[in-house]
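Survey of secondary and tertiary structure
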Amino acid sequence: ANWPTFQLSSAEGMFYFATSFNIDISGWQVTLLRNLNTMFYDAISFNQDLCDWAPQLRDNSMSTPYFAVFGRTSCPGVGLSDIFPNQPITQVCQPC
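Residues numbered from 1 in each chain as written. Predicted model: local features only at pLDDT ≥ 70, side-chain atom pairs only at ≥ 80, totals over all residues. Heavy atoms only, no water.

1. Concerning the pattern of salt bridges
Here the idea is simple: oppositely charged side chains can pair when their charged atoms come close. Following the criterion strictly, the structure yields 1 salt bridge and no others. A salt bridge links Arg 72 to Asp 42, with the shortest nitrogen-to-oxygen separation between them at 3.1 Å. Here Asp 42 lies in the segment before helix H1 (54–58) and Arg 72 lies in the segment after H1, a separation of 30 residues in the sequence. (Salt bridge = Lys/Arg side-chain N within 4 Å of Asp/Glu carboxyl O. Helix = DSSP H or I, 4+ residues; strand = E, 2+ residues; numbered from the N terminus.)

Following this line, the structure appears as structure tokens:
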């Protein structure tokens, strides 16, 4: 999906309970994101590689909440950021 996201500052609950959502959004520019809480929570079909986001999100890791971002998705595992808020991003759905 090539959506204009360069000014996006919050994605809290954006795909919450979007049970069939599994679109490649790896090309999103997320440098300004400050809130990802529950962004994909309960999006049970979601299983995309968002590793391109990791360098952008690392810059925000001290100020960006990351609570349950990938909870209850089809991602193969969750990083610390899904369990403990404000931890450095360790995984973006897929291991990077």
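Moving on, there is more to tell.
2. Concerning the side chain of Gln 56
Tracing the chain through its elements places Gln 56 in helix H1. A distance of 3.4 Å separates a polar side-chain atom of Gln 56 from the backbone oxygen of Asp 52. Ignoring sequence-local partners within four residues, the contact set of Gln 56 consists of Trp 28, Gln 29, Val 30 and Thr 31. (Polar contact = N/O pair within 3.5 Å; in protein donor to acceptor, adjacent residues only side chain to side chain. Contact = heavy atoms within 4.5 Å.)

3. A word on the nonpolar core
Membership of the largest hydrophobic core comes to 23 residues, with the highest contact counts inside it found for Met 39, Phe 40, Phe 46, Trp 53 and Phe 70. Apart from residues lying up to four places away in sequence, Phe 46 is in contact with Phe 21, Asn 22, Ile 23, Phe 40, Phe 70, Thr 73, Ser 74, Cys 75 and Cys 93. (Core = buried A, V, L, I, M, F, W, Y, C linked by side-chain atoms within 4.5 Å. Buried < 20%, exposed > 50% of the residue type's maximum accessible area, 1.4 Å probe, protein only.)

4. Here we look at unusual backbone geometry
Backbone geometry places Phe 17, a non-glycine residue, at a positive phi of 60°. Relative to the elements of secondary structure, Phe 17 occurs in the segment before H1.

5. Observations regarding the environment of Ile 44
Within the fold, Ile 44 resides in the segment before H1. Given the relative accessible area of 45%, Ile 44 is considered partly exposed. Along the chain, Ile 44 and Ser 74 lie 30 residues apart, while their C-alpha atoms are 5.5 Å from each other. When sequence neighbours within four positions are dropped, the list of residues in contact with Ile 44 reads Thr 19, Arg 72, Thr 73 and Ser 74.

6. Focus on the packing of aromatic side chains
A complete count under the given rule lists 10 aromatic pairs for this structure. Taken together, a centroid distance of 5.5 Å and an interplanar angle of 15° make the contact between Phe 15 and Phe 40 stacked. Here Phe 40 lies in the segment before H1 and Phe 15 lies in the segment before H1, a separation of 25 residues in the sequence. Judged by its relative accessible area of 0%, Phe 40 falls in the buried class. Ring geometry for Tyr 16 and Tyr 41: centres 5.7 Å apart, planes at 15°, overall stacked. With Tyr 16 in the segment before H1 and Tyr 41 in the segment before H1, the pair connects residues that are 25 residues apart, well separated along the chain. When its relative accessible area of 45% is taken as the criterion, Tyr 16 is described as partly exposed. For Tyr 41, a relative accessible area of 23% puts it in the partly exposed group. (Phe/Tyr/Trp six-rings, centres within 6.5 Å; stacked < 30°, edge-to-face > 60°.)

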